[in-house]
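Summary of the model geometry
In case you want the letters, here they are:
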Amino acid sequence: MTFSYDYYLQCAKYIKERAPFEPEIGLILGTGLGPFASQIENPVSIPYKEIPNFLVSTAPGHAGKLIFGTISGRKVVCMAGRFHSYEGYSFEQLSIPVRVLKLLGIQKLILTNAAGAVNLTYHPGDIMIISDHLKLTGDSPMKGPNIPEFGERFFDISAMYTPKLRNIAKECAKDTGLRIHEGVYMFFTGPQFETPAEIRAARILGADAVGMSTVTESLTAAHCGLPVLAMSVITNMAAGITKDALCQEEVEKVGDMVATNFSEYMKKIVQSI
Ligand code: HPA
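Residues numbered from 1 in each chain as written. Predicted model: local features only at pLDDT ≥ 70, side-chain atom pairs only at ≥ 80, totals over all residues. Heavy atoms only, no water.

**Topic: the site of the ligand**
Where we set the bar: Note on terminology: near, applied to a residue and a molecule or strand, indicates that one of the residue's heavy atoms is within 4 Å of it. For this analysis, a polar contact is any N or O atom pair within 3.5 Å, provided that within protein one partner can donate a hydrogen and the other can accept it, and provided that sequence-adjacent residues contribute only side-chain to side-chain pairs. The Shrake-Rupley method, run with a 1.4 Å probe sphere, supplies the accessible areas, and residue values consider only the shown protein chains as cover. Secondary structure elements follow DSSP: runs of H or I no shorter than four residues count as helices, runs of E no shorter than two count as strands, and numbering proceeds from the N terminus.
Within the structure, the ligand sits among Ala-114, Ala-115, Gly-116, Phe-193, Glu-194, Val-210, Gly-211, Met-212, Thr-235, Asn-236, Leu-246 and Val-251. Contact between the ligand and Gly-116: a nitrogen atom at 3.4 Å from a main-chain N or O atom of the residue. Compared with its free state, where it exposes 260 Å², the ligand has 95% of that area covered by protein. If you list the elements that add at least two residues to the shell around the ligand, you get strand E5 (108–117), strand E8 (209–211) and strand E9 (228–237). Here the shell around the ligand takes three residues from E5, the largest share from any one element.

**Some details on the state of the cysteines**
Here, disulfide denotes a covalent bond that connects the sulfur atoms of two cysteines. Going by this rule: For this text, the term disulfide refers to a pair of cysteine sulfurs within 2.5 Å. Residue burial is assigned from relative accessible area. The probe radius is 1.4 Å, only protein chains are included, and a residue is buried under 20% of its type maximum, exposed over 50%, and partly exposed in between.
One pass over the full model with this rule turns up zero disulfides. We note that Cys-78 lacks a disulfide partner, and the nearest cysteine sulfur, in Cys-11, lies 16 Å from it. The class of Cys-78 is buried, set by a relative accessible area of 0%.

**As for the environment of Ala-221**
As a reminder, the rule being used: Note on definitions: a residue-residue contact is assigned when non-hydrogen atoms from the two residues lie within 4.5 Å.
Within the secondary structure, Ala-221 sits in helix H6 (residues 215–223). Along the backbone, Ala-221 and Arg-99 are 122 residues apart, and their C-alpha atoms lie at a distance of 7.4 Å. Not counting residues up to four positions away in its chain, the partners in contact with Ala-221 are Val-98, Leu-109, Leu-226 and Val-228.

**Considering the packing of aromatic side chains**
Two aromatic rings, taken as a pair, are described by how far apart their centres are and by the angle between their planes. Basically, it comes down to this: Between rings of Phe, Tyr and Trp, where Trp is taken as its six-membered ring, a pair exists when centres lie within 6.5 Å; planes separated by under 30 degrees are stacked, by over 60 edge-to-face, and by other angles tilted.
Summed over the entire model, instances satisfying the criterion amount to 12 aromatic pairs. Measuring from ring centre to ring centre gives 6.0 Å for Tyr-7 and Tyr-8, while their planes differ by 80 degrees; the resulting arrangement is edge-to-face. Assessed through its relative accessible area of 22%, Tyr-7 is described here as partly exposed. Aromatic side chains Tyr-48 and Phe-83 sit 5.2 Å apart centroid to centroid with 50 degrees between the ring planes, which places their arrangement in the tilted category. On the criterion of sequence distance, the pair formed by Tyr-48 in the loop between strand E2 (41–47) and strand E3 (65–71) and Phe-83 in the loop between strand E4 (74–80) and helix H3 (96–104) is long-range, its members being 35 residues apart. For Tyr-48, a relative accessible area of 2% gives the class buried.

Honestly, it's all geometry; don't read function into it.
Pasting the structure below:
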């Protein structure tokens, strides 16, 4: 399935008619950032299911609405709930949210997710600022005819996770009490967690953490020239590192444990970028 420029425009037009302002910063929140969404001031919510040409969240713990509002005076639009390949969406469909946020006027994009640690020095509850990614699935959200209004057919992604924003995130981490790393995120489609052999391979390839989201969003942002800051909450050691089986409850439990501190940290970042 491919989409025309008009498809995205129609979606953005509907949202603009209901939005209170043009947002400066877009946020796509993963597991563990529920409390952050509740700190948005003067919120105006639009459920995804009411937006023509948008997608609908099916993942557990993902609310499924756009929230416009302010954080420390900055105008934000927040996607509370994101879309994943394992829900059955194609990579091309996964280009929709970020392209629509771009059409709404955002100038920067912040992405968060839950991830499993591959790096043995990481611990559940740590935060990883994503410096780069590995995605060996061979698929791309930019597959199909190029839409030149968004960007060039062939585009550079060597500094996709914008160094300047990463530096700000590192600066903001001081005095938060959070353990912050910077590392490489490796994408797996899920919904199964990885095998221990896949995790050993991921480590050899240079991954520090693994997860099932974010890369389609950062690639879409890079294509249309949006600076990106992406961060993982490490919710578990990846498969085979401990003898415990992986489960979604553990991911959500650790996500909830760091949520308050992480939300404070995110607020500082939104204020500073
Ligand atoms: N693997 C993939 N995705 C994840 C994990 C994991 O270990 N933890 C949280 N999201």
